[in-house]
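Close look at the chain arrangement
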Amino acid sequence: MMRWNQQDINGEQTDALPGLAKLNNLVRTVRTPEFAGMTFYEVLAKSALNKVPGRVPSAVPNTTRTPIASAAFGWTINPMRGCQHACAYCFARPTHGYLDLDAGKDFDTQIIVKVNVAEVLARELAKPSWARQPVAMGTNTDPYQRAEGRYQLMPGIIAVLAESRTPFSILTKGTLLRRDIPLLVEASRETNVELAMSIAIYDDDLQQSVEPGTPTAKARLATVTAVREAGMNCSVFLMPILPFLTDTTEHLDNALQQIKASGASSVLYSSMYLKPGTKEWFMLWLEREHPELVTKYLEFYSGGPYAPVAYRKWLADRIKPLMRKHRLERGREDPITGGPLTPSLLSSSPSSPSLSLSLSSPSPSSPSSLLALARASPETAGRSFSDEELLARESFDNRAATAPQPMLF
Ligand code: SF4
């Protein structure tokens, strides 16, 4: 195999796509047989931390005992833009439009790499104003996509987060996470670290078709086991569940059995979220691979990006007994960033806007904490919400005006 540094490496490209002219911090472009059909745009980032707007409830309830939503934000780091994992359902696809790149093939093959991300992050974390709020990675593009093997950005990022004692979470489909387990264990001695593996599909043919750039479910489960054997928590995000494709009792039971066997510390689930920009690309895949489902999906998602409420309730009724059967604990998502969330992650961040949520929530799965989560705004967060959060939100919207006590679906 040819080495990376022997490849076609240029400065500004005369044939660059129009939007890429906006990359005035472009260092070079790289194309290599190692990643056939892909182009990497190496840039010098001006910032590493992204502020994500959202809403979380206040710790102070009002007289009707309902949480008061308040403006807040979360923090994320995206060392790359675009993702080689190429999931047809990826809701980050439309973000590629900022460089006039498309949400389809370009998202999978035109990857922006922030080569100085660790240095910039170190400067940002050293500022006296930095309050060590939790930082989520992997909620927009995957930090352990295959190119990370070459760029090795994550070790530097983990090191500076640990040094500044900033709590952080990583959500990934990449088995390359395994490379950094020793570093993550070290980091967890300095700050709280939460890890999660996203594994939606336990049918290899379907997985290779709809997520062609991802490792197999088996390889990802083995990574979960490796993390657990190293003494750290690792959740599994069983999402998205694809209506009519992965929602059978057989598929879910098999998935949960394998998740349990991997030693995963908790599991989160959610049905498919299809927003504009992603929907068009996913429907092309569906027409190609499952044309018999096109009409059903068009009906399902005619009212918005979420599957119908009745379907999500049906799915919850199907999956909850299976989770009990496999003695799996339900995990939580950060209501703003979409990353994994635990009280331990929040408890190390004295000024996190989400801390009040943690302290005011008697337990992660209690009705009041679900209602609290439900008041966060998926529209401002720009991501999908788990079915559990969403159903609680809808339940809240329907009942808050009249019900003095929260109700859980
Ligand atoms: S791994 Fe995540 S970020 Fe990457 S394409 Fe799939 S869903 Fe999108």
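Given the structure is predicted, the values throughout are model-derived calculations rather than measurements. (Residues numbered from 1 in each chain as written. Predicted model: local features only at pLDDT ≥ 70, side-chain atom pairs only at ≥ 80, totals over all residues.)

1. Brief notes about the overall build of the protein
Regarding its fold elements, the protein presents 16 helices and 14 strands. A sequence separation of at least 24 residues applies to 75% of the contacts in the protein between residues at least 6 apart. (Helix = DSSP H or I, 4+ residues; strand = E, 2+ residues; numbered from the N terminus. Contact = placed C-beta atoms within 7 Å.)

2. Some remarks on the packing of helix H2 (residues 117-125) against helix H4 (residues 154-163)
Running from amino to carboxyl end, H2 crosses H4 at an angle of 10°, the nearest separation of the two axes being 8 Å. The orientation of H2 with respect to H4, classified from their angle, is roughly parallel. Residues Val117, Ala118, Leu121, Ala122 and Leu125 of H2 pack against Gly156, Ile157 and Val160 of H4. Tallied by class, the residues present in the contact of H2 with H4 amount to seven nonpolar, one polar and no charged. (Axes fitted to C-alpha atoms, helices over the stretch in contact; angles between N-to-C directions. Parallel < 35°, antiparallel > 145°, perpendicular 65-115°, else oblique. Nonpolar A, V, L, I, M, F, W, Y, C, P; charged D, E, K, R; others polar.)

3. Remarks on the site of the ligand
With respect to spatial proximity, the complete set of residues near the ligand consists of Cys83, His85, Ala86, Cys87, Cys90, Ala92, Thr141, Asp142 and Lys173. Among the residues forming the shell around the ligand, the class breakdown is five nonpolar, two polar and two charged. (Near = placed C-beta within 6 Å.)

4. Some points on helix H9 (residues 279-289)
Within H9 the residues assigned to the buried category are Lys279, Trp281, Phe282 and Leu286. The arc enclosing the buried residues of H9, seen along the axis, measures out at 165°, which places them on a common side. Facing away from the buried side of H9 by more than 90 degrees, the exposed set consists of Leu284, Glu287 and Arg288. Elements in contact with the buried residues of H9: helix H10 (294-300). (Buried ≥ 20, exposed ≤ 12 C-beta atoms within 10 Å, placed from the backbone. Arc of directions from axis to C-beta.)

5. Points about the nonpolar core
In terms of nonpolar packing, the biggest core is built from 85 residues, with Val113, Ile157, Val236, Leu238, Ile241, Ile259 and Val267 touching the most fellow members. It is strand E11 (residues 234-241) that provides the largest number of residues to this core, a total of six residues. With residues up to four places along the chain from it excluded, the contact list for Ile259 reads Val236, Leu238, Ala264, Val267 and Leu328. (Core = buried A, V, L, I, M, F, W, Y, C linked by C-beta atoms within 7 Å.)

6. What about the pairing of strand E10 (residues 193-198)?
Taken across its six residues, E10 has six buried, putting it largely inside the fold. In E10, alternate side chains face the same way, and those of Val193, Leu195 and Met197 on one face and Glu194, Ala196 and Ser198 on the other are all buried. Following the chain from strand E9 (residues 168-172) across helix H5 (residues 181-188) to the adjacent parallel E10, one finds a crossover that is right-handed. As defined by bridge partners, E10 adjoins E11 across four bridges and the pair is classed as parallel. Within E11, the position partnered with Ala196 by the bridge is Ser235. (Right-handed = clockwise from strand over helix to strand, strands pointing away. Pairing = 2+ DSSP bridges.)

7. A look at unusual backbone geometry
Here the bond from Met239 into Pro240 is cis, since omega is 5°, no more than 30 degrees from zero. Residue position: Pro240 is located in strand E11. Positive phi, normally seen in glycine, also occurs at Ala86, with a value near 55°. Within the secondary structure layout, Ala86 lies in the loop between strand E6 (80-81) and helix H1 (105-109).

8. Re the pairing of strand E12 (residues 266-271)
Counting buried positions along E12 yields six of six residues, so the element is predominantly enclosed. Residue alternation in E12 divides its side chains into two sets, Ser266, Leu268 and Ser270 and Val267, Tyr269 and Ser271, and both sets are buried. Bridge count between E11 and E12: five bridges; the pairing is parallel. Along E12, the bridge assignment pairs Phe237 with Leu268.

9. Considering helix H8 (residues 249-262)
With 14 residues, H8 should cover 20 Å at 1.5 Å per step; its first-to-last C-alpha distance of 20 Å lies within 8% of that length. In this structure, the buried side of H8 is in contact with helix H7 (217-229), E11, E12 and helix H11 (309-325). (Expected span 1.5 Å × (residues − 1).)

10. Comments concerning the environment of Ile241
Positionally, Ile241 belongs in strand E11. As a C-alpha pair, Ile241 and Ser270 span 29 residues in sequence and 6.0 Å in three-dimensional space. In this structure, Ile241 is in contact with Ala200, Thr246, Asp247, Tyr269, Ser270, Ser271, Met272 and Leu315, ignoring residues within four places of it in sequence.

11. Things to note about the environment of Asp106
Here Asp106 shows up in helix H1. Under the C-beta neighbour-count criterion, Asp106 is labelled partly exposed, with 19 such atoms within 10 Å. As a C-alpha pair, Asp106 and Met38 span 68 residues in sequence and 8.8 Å in three-dimensional space. Among residues more than four places away in sequence, those in contact with Asp106 are His96 and Leu101.

12. Thoughts on the packing of H4 against H5
Taken N-terminus to C-terminus, the directions of H4 and H5 make an angle of 10°; their axes are 9 Å apart at the nearest point. Relative to H5, H4 is oriented roughly parallel. Side by side, H4 and H5 meet where Pro155, Ile158, Leu161 and Ala162 of the first sit next to Leu183, Leu184, Glu186 and Ala187 of the second. Looking at the contact of H4 with H5 residue by residue, the class counts come to seven nonpolar, no polar and one charged.

13. Thoughts on the confidence of the model for the protein
On average, residues of the protein carry a pLDDT of 82, and 75% of them reach 70 or more. In this model, residues 1-15 is a region of pLDDT below 50 whose contacts with residues beyond four sequence positions or in other chains number 18 contacts. The model gives residues 57-68 a pLDDT under 50, and that stretch makes 25 contacts with residues more than four places away or in other chains. (pLDDT = per-residue confidence, 0-100.)

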